[in-house]
Amino acid sequence: LIPAYTNGAESYPLGRIIHGSGILKETKDFYAAQLLQGPPLVVDTEWLLVGHVDEYLSYVPANTPRGWKLLVGSPEMGRQMLLDAQAAGNGATIMHEGKYWAFPPGPAAISIDDVLANTGLMEATQEAQAVIDDELQKVVDAVGLAPDEIIEMPFIFEHVQSGGGVYLLAYQPGTVNSLVMGNTIVIPKPFGPQIGGEDIFEADLEARLGTAASGLGSDGQGLDIFFADNWDLY
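Residues numbered from 1 in each chain as written. Predicted model: local features only at pLDDT ≥ 70, side-chain atom pairs only at ≥ 80, totals over all residues. Heavy atoms only, no water.

Participant: How do you make sense of the overall build of the protein when you look at a structure like this?
Facilitator: When helices and strands are tallied, the protein shows five helices and 18 strands. For the protein, the C-alpha radius of gyration of 18 Å lies close to 17 Å, the compact-globule estimate for 234 residues. Referenced to the eigenvectors of the C-alpha coordinate spread, the extents of the protein come out at roughly 55 × 45 × 30 Å. Here the protein holds 234 residues, and the buried ones make up 47% of them. Taking contacts inside the protein between residues at least 6 apart in sequence as the whole, the part at least 24 apart equals 59%. Of the roughly 11600 Å² of accessible surface on the protein, 54% is carried by carbon and sulfur atoms. Charge-centre separation for the protein: the mean point of 10 positive side chains lies 7 Å from the mean point of 31 negative side chains. (Helix = DSSP H or I, 4+ residues; strand = E, 2+ residues; numbered from the N terminus. Rg over C-alpha atoms; globule rule 2.2 N^0.38 Å. Buried < 20%, exposed > 50% of the residue type's maximum accessible area, 1.4 Å probe, protein only. Contact = heavy atoms within 4.5 Å. Areas by Shrake-Rupley, 256 points an atom, 1.4 Å probe, with all protein chains shown as cover. Lys, Arg positive; Asp, Glu negative; His and termini not counted. Charge placed at Lys NZ, Arg CZ, Asp CG, Glu CD.)

Participant: Is there a simple way to explain the packing of aromatic side chains in this structure?
Facilitator: Two descriptors summarise a pair of aromatic rings, namely the distance from one centre to the other and the angle between the planes of the rings. Under the criterion given, the structure shown has nine aromatic pairs. Taking 5.6 Å as the distance between ring centres and 90° as the angle between the ring planes, the aromatic pair formed by tyrosine 59 and tryptophan 68 counts as edge-to-face. For tyrosine 59, a relative accessible area of 19% translates into the label buried. For tryptophan 68, a relative accessible area of 4% puts it in the buried group. On the basis of an interplanar angle of 90° and a centroid distance of 5.9 Å, the ring pair of phenylalanine 191 and tryptophan 231 is categorised as edge-to-face. Of this pair, phenylalanine 191 sits in the loop between strand E15 (184-188) and strand E16 (194-195) while tryptophan 231 sits in the segment after strand E18 (224-228), placing them 40 residues apart in sequence. For the pair formed by phenylalanine 191 and tryptophan 231, the shared burial category is buried. Here the aromatic cluster, defined as three or more aromatic residues joined through ring pairs, consists of Trp47, Tyr56, Phe155 and Phe157. (Phe/Tyr/Trp six-rings, centres within 6.5 Å; stacked < 30°, edge-to-face > 60°.)

Below is the structure:
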């Protein structure tokens, strides 16, 4: 569900159903028949390997008249953070250190320089950003979100082949796909490059989500953030 909102003459006091592509006709008809939480807002998820809405959209409480803000995956922000780290002389720093890929099996550790030099990763990241921009606009138009009600979650994407097609999948842990319980958020541990003794992706999220900077939480003072290692689980 999109949390409760009112936009002009449209009001969804109990939230509004949102779903992606690939829904069974029977399920789609069931969603469409709901009166209090429908009609559903449909966004494109066909481009994703898993195909879930929460691979690029989720929500957090905020001390605002609406009461919540939208988290959105930001491939471009993830790329820019790596470029900034490289420009600061940290291109040799390793990300995904100590982790292993399952398919194909092998070490996941890679330098910032090698990530940015990988044209496939950069193309996938650019493609993901273009689709996310289009789909985000659907949500913005439906809900009436202002720019300061949208919070970017940085991570880049890769291409994955499956069933004869090519899809996109988060190359870094997709931090937008988080678990929110009241003012607490559990975020997939990003395993980003350690610079100055801290993971730059964790530090960025703590600064923007865990402080008063974004007005999150019921008191606007930020969320309680926990990073969970779910690399091998997901």
